[in-house]
Amino acid sequence: MVTSARDPLRTRERILRAARREFVHKGFAGARVDAIARAAAVNKRMLYHYFGNKEALYRAILREGIGTNLDLVAAAPADVVDLLPFLFERASKRGEGIRLLQWEALGSGDRRPIAEEERRKAWVEGTERLRDAQRAGQLHGDLEPEYLVLSLMALTIFPLAFPQLVRMVTGARVGDAEFQRRQTRFLRRLGACLRPPATDTKQPPAPKEKHR
């Protein structure tokens, strides 16, 4: 039987938990408000009272991810040798977030995603962190920071998003301890290649291009 709790905070959190599961399993397009309401043990009117509509509910789920991404950027190590293993380790714990990105790519392609401007904030801050590293001579200055952010994401998220390819290429499962160990070692070595030579520590950072 569908009931509504008298504690609004607990009710809201229950709706969010149910919505997160529904969006992760079915994506935004496939998710159904009826299913979310049933799982949260509330009626649809109560759900709409708290969140307005399905898109607003999806935005609330994304907002949690925005906070996590901002925390990730703030906690990222300055040394590029440690950066890739750090990002891979954090991504390994965010399977639901990766799944949401997969659904979003399938449903919207390169069209403007929901809450794009809010979500860009973490990546803009990440780009600025890389520029700071270039100014400090810790990172090659001829690497465009925006494209480096994209490459770092690809190196650390791709194996987790496509575990079947990990198995085909390496023969290992992405969750195997041996794969995790070897991937971390590889990323650390690759990170070392992003450091400038000792004689080239005062390279100017790559110019910042305006987005159209």
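What this report covers is the structure whose coordinates are included nearby. (Residues numbered from 1 in each chain as written. Predicted model: local features only at pLDDT ≥ 70, side-chain atom pairs only at ≥ 80, totals over all residues. Heavy atoms only, no water.)

Before going further, it helps to spend a moment on the packing of helix H4 (residues 54–75) against helix H7 (residues 116–135). If you want to describe how two helices pack, look at the angle between their axes and the distance between the axes. Contact pair H4 / H7: the axes reach a minimum separation of 8 Å and the direction vectors enclose 10°. With respect to each other, H4 and H7 are oriented roughly parallel. Residue-level inspection shows Arg59, Leu62, Arg63, Ile66, Asn69, Leu70, Val73 and Ala74 of H4 in contact with H7, the latter providing Glu118, Arg119, Lys121, Ala122, Trp123, Glu125, Gly126 and Arg129. Of the residues contributing to the contact of H4 with H7, the split by class is seven nonpolar, two polar and seven charged. (Axes fitted to C-alpha atoms, helices over the stretch in contact; angles between N-to-C directions. Helix = DSSP H or I, 4+ residues; strand = E, 2+ residues; numbered from the N terminus. Parallel < 35°, antiparallel > 145°, perpendicular 65-115°, else oblique. Contact = heavy atoms within 4.5 Å. Nonpolar A, V, L, I, M, F, W, Y, C, P; charged D, E, K, R; others polar.)

By the definition in use, this model includes 17 salt bridges. One salt bridge in this structure joins arginine 63 and glutamate 118, with 3.5 Å as the shortest N-O distance. A residue pair is termed long-range when its members are at least 10 positions apart, and arginine 63 in helix H4 and glutamate 118 in helix H7 qualify at 55 residues. On the basis of relative accessibility, which here comes to 42%, the residue arginine 63 falls in the partly exposed class. Glutamate 116 is the partner of arginine 112 in a salt bridge, and the nearest nitrogen-oxygen pair spans 2.9 Å. (Salt bridge = Lys/Arg side-chain N within 4 Å of Asp/Glu carboxyl O. Buried < 20%, exposed > 50% of the residue type's maximum accessible area, 1.4 Å probe, protein only.)

Attention now goes to the layout of surface pockets. By volume, the second largest pocket amounts to about 240 Å³. Surrounding the second largest pocket, 15 residues form its lining, Phe28, Trp103, Glu104, Gly107 and Ser108 being those nearest its centre. Tallied by class, the residues present in the lining of the second largest pocket amount to seven nonpolar, four polar and four charged. (1 Å grid on protein atoms, 1.4 Å probe; cavity = no way out; pocket = protein on both sides within 12 Å on 5 of 7 lines; lining within 4 Å. Points joined across faces, edges and corners; volume = space filled by probe spheres on them.)

This paragraph deals with the packing of helix H2 (residues 33–40) against helix H3 (residues 44–51). Axis separation between H2 and H3 bottoms out at 9 Å; the angle between their running directions is 100°. Classified by the interaxial angle, the pair formed by H2 and H3 is roughly perpendicular. Counting all contacts with H2, which are made through Val33, Asp34, Ile36 and Ala37, the residues of H3 involved are Lys44, Leu47 and Tyr48. Class assignment for the residues of the contact of H2 with H3 results in five nonpolar, no polar and two charged.

By the burial criterion, the buried members of H2 are Val33, Ala35, Ile36, Ala37 and Ala40. In this structure, the buried residues of H2 make contact with helix H1 (8–30), H3 and H4. In the stretch just after H2, alanine 41 is the one whose phi turns positive, near 60°.

What follows is about the packing of aromatic side chains. Counted according to the given criterion, the structure contains four aromatic pairs. Geometrically, the ring pair formed by phenylalanine 23 and phenylalanine 28 is stacked, given 6.2 Å between the ring centres and 20° between the ring planes. On the accessibility criterion, phenylalanine 23 (0% relative accessible area) is buried. Both rings, one in phenylalanine 158 and one in phenylalanine 162, keep their centres 4.9 Å apart while their planes meet at 40°; by these two values the pair is tilted. Taking relative accessible area as the criterion, phenylalanine 158 reaches 42% and is therefore assigned partly exposed. Positioned above the aromatic ring of phenylalanine 28 is the side chain of lysine 54, whose terminal nitrogen or guanidinium carbon lies 4.6 Å from the ring centre. (Phe/Tyr/Trp six-rings, centres within 6.5 Å; stacked < 30°, edge-to-face > 60°. Lys NZ or Arg CZ within 6 Å of the ring centre and 35° of its normal.)

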